[in-house]
Amino acid sequence: MRVRSSHLPLLLLLALVPVAAGAGAQSAADSLARAAELIDAGELAAAVAILDARLAAAEDGQALLLRSTARFFAGEMERGEADLRRALELEPAQRQGWLNLAALEMAGADHEAAYRAFLRAEALDPAALDNDVNLGAVLLFLGRLEQASARFERYLGRQRGSGQAFYLVATNYAAAGYAALALRHLSDAIGLDEKMRLNARTDPNFAQIASTADYQRLLDTDPFVLAPGSFEASRAFAVPYSDADTRVVNAVLDALAVLRVPFDRRVEVTPQWALLWSDVRIKIRREGPERTVVAVSAPPASFTPQAFQARAEAIFREAEAALLRYRSPSERLGLPQN
């Protein structure tokens, strides 16, 4: 048996098992559902105990699939693989099992076997949205670029407005070393949802292209354009900005906290600008060696003009008050983490 890394990118999207008719079947389904809940909660030993008891009475493909999941999460790769393969022998109609097996084979670099497993999953549900992206990914590693691209384009054609979909395709191209295709799709993803650029900064799938000038240029560029009729207000502060001196960023975060405005705790920081998101978009940009501009914007119809102006002025006021409390560039540099 092949030994694989415990860092397995499994597609473990657990669903509760269907409840069958009859008291005995109801009890069995309840035990499987409870085991699935425990796995989702990270209580792996408790889940395995339930499944062991069920499997002691009789072999069951669904129980074996769940136990394999628990064992993979616990790092018991060989035992998990044995359960998974036996589960599919007993009940080959378990689509999630074929997806998990394909991920297992991908982790072991057996791409032909992964391709066959993904095809079995597709046969069980030809309309499933993930078929094309899964098969496209493995086809890349098989060196079948044209077929992979056709699969990806079909996947994207079903969700043209999704930045996440374009991002997922970009990660697959990047992981397989196709830099130009990765950058093109990442650029499209960012155009649809600028937070995809923030995701890319810490995504290991882009490691092969992370040092290229084109990739760095893409990450350092903010192409955002306000829609016609958007609200916008800005205020300059006589405080320097850099990716090492983030006093203004922290001041704006403090302002949002004081105002009790919910915000995305991920902050995108570059040497020239930073971005924060709440119900408004806040861009903090360097404007000269001792001057930083905070620009607040919002889409049309998201506020009344009066409410937007009041929100922006409150942010500027509280940020200015926070800056007065900071005594040096080294104070309050702790940004929220991605």
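Check the entry above for the structure.
Attention here is on the structure that accompanies the text. (Residues numbered from 1 in each chain as written. Predicted model: local features only at pLDDT ≥ 70, side-chain atom pairs only at ≥ 80, totals over all residues. Heavy atoms only, no water.)

Attention shifts here to the overall build of the protein chain. Across its full length, the protein chain carries 14 helices and 5 strands. Buried positions account for 47% of the 338 residues belonging to the protein chain. Long-range pairs, those at least 24 residues apart, make up 60% of the contacts in the protein chain with a sequence separation of at least 6. Accessible surface, the protein chain: about 16200 Å² in total, of which carbon and sulfur atoms supply 54%. (Helix = DSSP H or I, 4+ residues; strand = E, 2+ residues; numbered from the N terminus. Buried < 20%, exposed > 50% of the residue type's maximum accessible area, 1.4 Å probe, protein only. Contact = heavy atoms within 4.5 Å. Areas by Shrake-Rupley, 256 points an atom, 1.4 Å probe, with all protein chains shown as cover.)

The subject of this paragraph is the packing of helix 13 (residues 247-259) against helix 14 (residues 305-325). Running from amino to carboxyl end, helix 13 crosses helix 14 at an angle of 120°, the nearest separation of the two axes being 8 Å. In terms of their interaxial angle, helix 13 and helix 14 are classed as oblique. Between helix 13 and helix 14 lies a crossing of right-handed hand. In this structure, helix 13 uses R247, V248, A251, V252, D254, A255, L256, V258 and L259 to contact helix 14, whose residues at the interface are A314, I315, R317, E318, A319, A322, L323 and R325. The residue inventory of the contact of helix 13 with helix 14, partitioned by class, reads 12 nonpolar, no polar and 5 charged. (Axes fitted to C-alpha atoms, helices over the stretch in contact; angles between N-to-C directions. Parallel < 35°, antiparallel > 145°, perpendicular 65-115°, else oblique. Left-handed = near helix turned anticlockwise from the far one by under 90°. Nonpolar A, V, L, I, M, F, W, Y, C, P; charged D, E, K, R; others polar.)

Before going further, it helps to spend a moment on unusual backbone geometry. We note that A109 has phi near 65°; this positive angle belongs to a residue other than glycine. Within the secondary structure, A109 sits in the loop between helix 5 (95-107) and helix 6 (111-124).

A word on the pattern of salt bridges. With the rule as written, the count across this model stands at 32 salt bridges. The partner of R201 in a salt bridge is E268, and the shortest N-O contact between them spans 2.8 Å. Residue R201 is located in helix 11 (residues 195-201), and its partner E268 is located in strand 2 (residues 268-269); the two are separated by 67 residues in the primary sequence. E268 sits in the buried class, given a relative accessible area of 0%. Of the charged contacts in the structure, one is a salt bridge between R281 and D222, with a shortest N-O distance of 3.1 Å. Within this pair, whereas R281 is found in strand 4 (residues 281-286), its partner D222 is found in the loop between helix 12 (213-220) and strand 1 (231-237), the two being separated by 59 residues in sequence. Each member of the pair, R281 as well as D222, is classed as buried. Here the salt bridges do not stand alone but share partners, grouping E194, R197, R201, D222, E268, R281 and K283 into one network. (Salt bridge = Lys/Arg side-chain N within 4 Å of Asp/Glu carboxyl O.)

Before going further, it helps to examine the pairing of strand 5 (residues 292-298). Burial within strand 5 is extensive, with 7 of its 7 residues counted as buried. Of the two faces of strand 5, the one holding T292, V294, V296 and A298 and the one holding V293, A295 and S297 are both buried throughout. Both strand 1 and strand 5 contribute to a ladder of 7 bridges, which runs antiparallel. Bridging from a neighbouring strand, A233 pairs with V296 of strand 5. Relative to strand 5, strand 4 is paired through 6 bridges, and the arrangement is antiparallel. Note that in strand 5 the partner of R286 across the bridge is T292. Counting the residues that bridge the hairpin from strand 4 to strand 5 gives 5 residues, and of these G288 lies at a positive phi of roughly 95°. (Pairing = 2+ DSSP bridges.)

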